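# Reading the structure
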Amino acid sequence: LIQFIEQELINFPDSDEFVNILEKKKNENQHSLSFCVYMTNQCNSTFYFARENAQNGSSTVDIGIYKGSNLIFTIEAKLLPIPVRGKKGKRKEYEYVHGKGAGIQRFKDNNHGLDNSGNLLVENGLIAFVKQDSFETWFLKINQWILDANWPETEQLQKDYFSQIAKLKSTHKRIDNSKLILHHFWVNVAQKAV
């Protein structure tokens, strides 16, 4: 699954799914929806990528990936930079990491990363739709935000590679002390989604 996402993500910004679904609105939900439709169309029925999957309590994760009827992987999506302006005006630039509605923190707090039966999945992911700045810039910022949250240095992101897309990995301790591995998929959509 991880290799499949990496392989297909490269062509995502040039796909009909990306262009057509993001034609009018270019918010986080539309990016996630276009990614789900694109990946499902590419997977030849091996996996199904679904938007807004129920998780712990009233929490929903942006993307759930199914093999058959089993939820096997969840992904939280973020735009980089986080759109801090808006009607609510409550979002923070470090929302990828910590705070209300934060990507990594939701997994650490056991609100995200659960299968159909409510069991914690050891491996999950985050996808970032990068609208400005380089992968290296975000790598440095996010790792600083992890330290700012007073999390251990060992929870900082580790680069797998930066190329047409970026693939990173991080390991965290959940609130119940269980191990969490996050795969971070970053795709540059700056040219397409301005």
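The structure this text deals with has already been given above.
Residues numbered from 1 in each chain as written. Predicted model: local features only at pLDDT ≥ 70, side-chain atom pairs only at ≥ 80, totals over all residues. Heavy atoms only, no water.

Before going further, it helps to spend a moment on helix α3 (residues 28-42). The end-to-end C-alpha distance of α3 is 21 Å, a good match for the 21 Å that 15 residues give at a rise of 1.5 Å each. For α3, the complete set of buried residues consists of Glu28, His31, Ser32, Ser34, Phe35, Cys36, Tyr38 and Met39. Looking at the packing, one finds that the buried side of α3 touches α1 (2-9), α2 (16-21), β1 (48-54), β2 (60-67), β3 (70-80) and β4 (123-130). With a side-chain oxygen lying 3.2 Å from the backbone nitrogen of asparagine 29, the N-terminal cap of α3 falls on asparagine 27. Positive phi shows up at asparagine 44, right after α3, with a value of about 50°. (Helix = DSSP H or I, 4+ residues; strand = E, 2+ residues; numbered from the N terminus. Expected span 1.5 Å × (residues − 1). Buried < 20%, exposed > 50% of the residue type's maximum accessible area, 1.4 Å probe, protein only. Contact = heavy atoms within 4.5 Å. Polar contact = N/O pair within 3.5 Å; in protein donor to acceptor, adjacent residues only side chain to side chain.)

Along the chain, the position of glutamate 17 falls in helix α2. For glutamate 17, a relative accessible area of 15% translates into the label buried. Residues contacting glutamate 17, with those up to four places away along its chain left out, are Leu22, Ser34, Val37, Tyr38 and Asn41.

Before going further, it helps to spend a moment on the packing of aromatic side chains. Here a ring pair, both rings aromatic, is described through the centre-centre distance and the interplanar angle of the planes. Within this structure, the stated rule accounts for 13 aromatic pairs. Between the aromatic rings of phenylalanine 135 and tryptophan 186, the centroid separation amounts to 6.3 Å while the plane-to-plane angle is 45°, which identifies the pairing as tilted. In this pair, phenylalanine 135 sits in helix α5 (residues 135-148) while tryptophan 186 sits in strand β7 (residues 179-188), placing the two residues 51 residues apart along the sequence. Exposure class is identical for phenylalanine 135 and tryptophan 186. Each is buried. Each member of the aromatic cluster is reached from another via a ring pair, and the members are Phe4, Phe12, Phe18, Phe35, Tyr38, Phe47, Phe49 and Phe129. The lysine or arginine in question, lysine 67, covers the ring of phenylalanine 47, its NZ or CZ lying 5.2 Å from the ring centre. (Phe/Tyr/Trp six-rings, centres within 6.5 Å; stacked < 30°, edge-to-face > 60°. Lys NZ or Arg CZ within 6 Å of the ring centre and 35° of its normal.)

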